Amino acid sequence: MQYLVSVIHDKTNSGTPEEARAIDEFNDRLRAGGHWVFAAGLAAPSTSTVIDGRGDEPVFTDGPFIESKEHMAGFWIIDAPDLDVALELMADGSKACNRRLEVRPILAVGA
Amino acid sequence: MVASLAKRFGDLDIAEEAAAEAFATAVERWPADGVPPNPGAWLTTTANRKAIDRIRREHKRTDKQREALMLTDDSPPEPLGAIDDDRVRLIFTCCHPALAMEARMALTLRLVGGLTVPEIARGFLVSESTMGQRITRAKGKIAAAGIPYRVPSASDLPARITGVLAVLFLVFNEGYLATGPDTDPVRHDLTAEAIRLTRLIRELLPDDGEVAGLLALMLLTEARRPARVSAAGELVPLGEQDRDAWDAELIAEGHRLVRERLDSGAAPGRYQLLAAINAVHTDARDARDTDWSQVVALYDQLVRLDPSPIVALNRAIAVAELDGADVALAIIDRLTDALNGYHAFHATRAELLRRLERRAESRAAYDRAIALAGNTAETAYLSHRRDELG
């Protein structure tokens, strides 16, 4: 099954070169093990825009949609047979990016 | 049965409901058709069919694997060893660290221990609907998040074991002092189940001190069960029990485990200390021969590991024997804020006040204890004690 792994960002400094290198190495391992689906870093929450397209005219407002001290700084989508495998893998991912992570299952298509 | 069905179908709800339906069918048919030659196998086969029916009805065939499993429903019943393995797997699933601690305990009691939701709700002092939701939510997470049914890898095992032991100790305690108003005061099914499961874990980890400690603690406690409830249905305190009725075999095994841990020279953990305290108690032929200074010394060690008010309360009971009821009462009164809602706190206070001949205060404390106690034999004992005050 697939899991969304959110990177919980709770500090002001952005990723250091050491962290970036560690993340690259970790991603290589994910690919070698067949766990890689996708990953990306995100720009600051202040750059986001909220869309409400439910009315006649879409409404665009300055984001983020939730104000909080912690935000999502990036994410992985990984493939793992079960949660234990996902947790063990991403414990190393947390070490590599030096941030806390949240692992959340992605609903299977058609489930 | 729930464990092996859960493994096979990968869904706790289906496993539980199928097992329940199979039993219901047996109740309907056996009186008319007669009991089948192998009731266990009959139930397993019936439950498997019920599970398959349910999966078909609910169109839960989400993958080919589950379909393949469904086709093998004429497989022979699994040997006992395999069923034990299934239970161990189910314990690790129920005690998974991705679940909240309270959910782990509730799930293990429900699915491994077989307690009802009202019994578990009472054990945790929450309403039945809250407990029902907690269990449903935990089962939902197991299914949706892909928490596996298997024994963790060697590197994860020590950390996962700690959580499992905490849950097994809780199951044992629920059996040893059952909380239901209509249940037997001591539920041997639960204590035996907890001991059996702890033995299984010990086979997995024979060198783990705390696993051995918990097993010893359970054995030394279970050994006293025959003397624990009087013919009149009242709980008998340790000091007044007929020690000849204790189970000598269980005591011998418990003492052997405690000695083995002492000989290892490793620093004891919580369960090993509790087992050692129980070894001191069960070592005394007569309650008056109890080595209370040894008991207090062991509690002192335990307080350093676990500074909870409940440990302090139990330590004070031993202090009362060594230094007198007045010293113990002074310790206990400092715990009032933390333990005001706990029946054993008021029962202990009542007993100490009785010894100090402060009758009115003792009576009031017994009243509080009786109001809070959930165990029928304990309520009977406390009422008897209160009425003796005259």
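Just so we're clear, the structure is a prediction, and the values are computed from it rather than from any experiment. (Residues numbered from 1 in each chain as written. Chains lettered and ligands numbered in written order. Predicted model: local features only at pLDDT ≥ 70, side-chain atom pairs only at ≥ 80, totals over all residues. Heavy atoms only, no water.)

Moving on to the overall build of chain A. For chain A, the count of helices and strands is two helices and six strands. Within the span of chain A, comprising 111 residues, buried residues form 25% of the whole. Here the analysis covers contacts within chain A between residues at least 6 apart in sequence; of these, 77% occur between residues at least 24 apart. Of the roughly 7400 Å² of accessible surface on chain A, 56% is carried by carbon and sulfur atoms. (Helix = DSSP H or I, 4+ residues; strand = E, 2+ residues; numbered from the N terminus. Buried < 20%, exposed > 50% of the residue type's maximum accessible area, 1.4 Å probe, protein only. Contact = heavy atoms within 4.5 Å. Areas by Shrake-Rupley, 256 points an atom, 1.4 Å probe, with all protein chains shown as cover.)

Before going further, it helps to examine the overall build of chain B. Across its full length, chain B holds 20 helices and zero strands. Out of the 390 residues in chain B, the part that is buried amounts to 51%. Of the accessible surface of chain B, which amounts to about 18600 Å², a share of 52% is contributed by carbon and sulfur atoms.

At the interface, nine residues of chain A touch twelve residues of chain B. Between chain A and chain B the total buried area reaches about 740 Å² when both faces are included, carbon and sulfur atoms providing 52% of it. A per-residue breakdown of the area chain A buries against chain B is headed by Asp-82, Leu-83 and Asp-84 of chain A, which together make up 59% of the total. Where chain A packs against chain B, one counts two salt bridges. In this structure, the salt-bridge partner of Arg-150 of chain B is Asp-82 of chain A, at a minimum N-O distance of 2.7 Å. (Buried area = accessible area lost by both parts, 1.4 Å probe. Salt bridge = Lys/Arg side-chain N within 4 Å of Asp/Glu carboxyl O.)

Take unusual backbone geometry next. For the bond running from Gly-63 of chain A to Pro-64 of chain A, omega is -5°, close enough to zero to count as cis. Along the chain, the position of Pro-64 of chain A falls in the loop between β4 (59-62) and β5 (71-79).

A separate point is the sheet that holds strand β1 (residues 2-9) of chain A. Residue and element names in this part refer to chain A. A sheet is described by the order of its strands in space; here four strands give the open sequence β2-β5-β1-β6, paired in antiparallel fashion. At either margin of the open sheet sits one strand with a lone partner, and together these are β2 (36-41) and β6 (100-105). Taking the axes of each pair of neighbouring strands and ignoring which way they run, one obtains an average angle of 20° across the sheet. Relative to β6, β1 is paired through six bridges, and the arrangement is antiparallel. Bridging across to β6, Leu-4 finds its partner in Arg-104. Contacts between helix α1 (residues 17-32) and the sheet are confined to β2 and β5, with β5 contributing the most and set at about 25° to the helix. Running at roughly 155° to β6, helix α2 (residues 83-97) makes contact with β1, β5 and β6 of the sheet. (Pairing = 2+ DSSP bridges. Axes fitted to C-alpha atoms, helices over the stretch in contact; angles between N-to-C directions.)

A word on the packing of aromatic side chains. All names here are of chain A. Taken as a whole and assessed by the stated rule, the structure comprises four aromatic pairs over all chains. Relative to Trp-76, the ring of Phe-26 lies with its centre 5.6 Å away and its plane at 85°, an arrangement referred to as edge-to-face. Of the two residues, Phe-26 is situated in helix α1 and Trp-76 in strand β5; the sequence distance between them amounts to 50 residues. Across the pair, exposure class does not vary: Phe-26 and Trp-76 are buried alike. (Phe/Tyr/Trp six-rings, centres within 6.5 Å; stacked < 30°, edge-to-face > 60°.)

All right, on to the confidence of the model for chain B then. With 83% of its residues at a pLDDT of 70 or more, chain B shows a mean pLDDT of 83. Note that pLDDT drops below 50 for residues 60-80 of chain B; the model gives that stretch 25 contacts with residues more than four away or on any other chain. (pLDDT = per-residue confidence, 0-100.)

Right, let's talk about the packing of helix α15 (residues 309-323) of chain B against helix α16 (residues 325-333) of chain B for a bit. Residues and elements named next belong to chain B. Where α15 meets α16, the closest approach of the two axes is 7 Å, and the angle between their N-to-C directions is 160°. When the interaxial angle is binned, α15 and α16 end up roughly antiparallel. For the pair α15 and α16, the sense of crossing is right-handed. Where α15 approaches α16, its residues Leu-313, Arg-315, Ala-316, Val-319, Ala-320 and Asp-323 are matched on the opposing element by Ala-325, Asp-326, Val-327, Ala-328, Ile-331 and Ile-332. Classifying every residue of the contact of α15 with α16 by side-chain character gives nine nonpolar, no polar and three charged. (Parallel < 35°, antiparallel > 145°, perpendicular 65-115°, else oblique. Left-handed = near helix turned anticlockwise from the far one by under 90°. Nonpolar A, V, L, I, M, F, W, Y, C, P; charged D, E, K, R; others polar.)

Turning our eyes to something else, we now look at the side chain of Arg-104 of chain B. Residues and elements named next belong to chain B. Examined against the element boundaries, Arg-104 turns out to sit in helix α6 (residues 101-112). In this structure the side chain of Arg-104 is engaged in a polar contact, spanning 3.2 Å, whose partner is the backbone oxygen of His-96. From its side chain, Arg-104 meets the backbone oxygen of Leu-99 in a polar contact 2.9 Å long. Excluding its chain neighbours within four sequence positions, the residues that come into contact with Arg-104 are Cys-94, Cys-95, His-96, Pro-97, Leu-99 and Val-167. (Polar contact = N/O pair within 3.5 Å; in protein donor to acceptor, adjacent residues only side chain to side chain.)

Here the focus is the pattern of salt bridges. Residues and elements named next belong to chain B. Counted under the stated rule, the structure contains 23 salt bridges over all chains. Its salt-bridge partner being Glu-260, residue Arg-202 comes within 3.5 Å of it at the nearest N-O pair. Taken together, the residues span a long stretch of sequence, with Arg-202 in helix α10 (residues 188-204) and Glu-260 in helix α12 (residues 248-264) at a distance of 58 residues. Given a relative accessible area of 18%, Arg-202 falls into the buried group. The residue Arg-385 makes a salt bridge to Glu-351 at a minimum N-O spacing of 3.0 Å. Linking Arg-385 in helix α20 (residues 376-388) with Glu-351 in helix α18 (residues 343-355), this pair joins segments that are 34 residues apart in sequence. Sharing partners across several salt bridges, the network here consists of Glu-240, Glu-321, Glu-351, Arg-354, Arg-355, Arg-385 and Glu-388.

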